[in-house]
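Remarks on the overall topology
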Amino acid sequence: QVQLVESGGGLVQAGGSLRLSCAASGLTFSSYAMDWFRQTPGKEREFVAAISRGGGSTHYADSVKGRFSISRDNAKSTVYLQMNSLKPEDTAAYYCAASSRYTLAVVTALYDYWGKGTLVTVSS
């Protein structure tokens, strides 16, 4: 059974940093491109960052470019999202997702598996 488990969310002041982790099990992690999405109540889930299977290619939403960094450790089956210079508008539930067929995709429908999310709250 495939599981993606996010952790690292919490409450942080504007300008602060958080590091999210997503631990995968039940799949061959290195065969999956990984992504982070986020969602706030009443809004659609939006793309944040993506990383290729080997970690050599990444892609970011314009809203987080230069502040967030995605990385992965295939030996640990874990993908990370380092979030710096956080803003109140970054407040959301953050989800990791895995895709076996697509790389650096920004559309939720192209992902096979999803975690249950971790909440990030940025206070002003």
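Quick summary incoming for the structure in this document. Because the structure is predicted, anything quoted here is derived from the model rather than measured.

Relative to the elements of secondary structure, Ser52 occurs in the loop between β5 (46–51) and β6 (58–60). Residue classification places Ser52 among the buried residues on the basis of a relative accessible area of 10%. In the structure, Ser52 is positioned 63 residues away from Gly115 in sequence and 18 Å away in space, judged by C-alpha atoms. With residues up to four places along the chain from it excluded, the contact list for Ser52 reads Ala33, Ser57, Arg72, Thr103 and Leu104.

A complete count under the given rule lists one disulfide for this structure. Note that Cys22 is cross-linked by a disulfide to Cys96, the S-S spacing being 1.9 Å. Of note, the bridge from Cys22 to Cys96 carries an S-S torsion of about 50 degrees and is right-handed in sense. Remark: Cys96 occurs in strand β9 (residues 92–99) and Cys22 occurs in strand β3 (residues 18–25); sequence separation between them is 74 residues.

A separate point is the sheet that holds strand β7 (residues 68–73). One key point about sheets: their strands pair by backbone hydrogen bonds, in either a parallel or an antiparallel sense. One open sheet holds the four strands; their spatial order is β1-β3-β8-β7, and the pairing between them is antiparallel. The two strands at the open ends of the sheet, each matched to only one other strand, are β1 (3–7) and β7. Within the sheet, the average angular offset between the axes of one strand and its neighbour, ignoring direction, is 15 degrees. In terms of strand pairing, β7 meets strand β8 (residues 78–83) through six bridges, oriented antiparallel. Across the sheet, Ser71 pairs through a bridge with Tyr80, a residue of β8.

Rules and cut-offs
- Residues numbered from 1 in each chain as written.
- Predicted model: local features only at pLDDT ≥ 70, side-chain atom pairs only at ≥ 80, totals over all residues.
- Heavy atoms only, no water.
- Helix = DSSP H or I, 4+ residues; strand = E, 2+ residues; numbered from the N terminus.
- Buried < 20%, exposed > 50% of the residue type's maximum accessible area, 1.4 Å probe, protein only.
- Contact = heavy atoms within 4.5 Å.
- Disulfide = S-S within 2.5 Å.
- Pairing = 2+ DSSP bridges.
- Axes fitted to C-alpha atoms, helices over the stretch in contact; angles between N-to-C directions.

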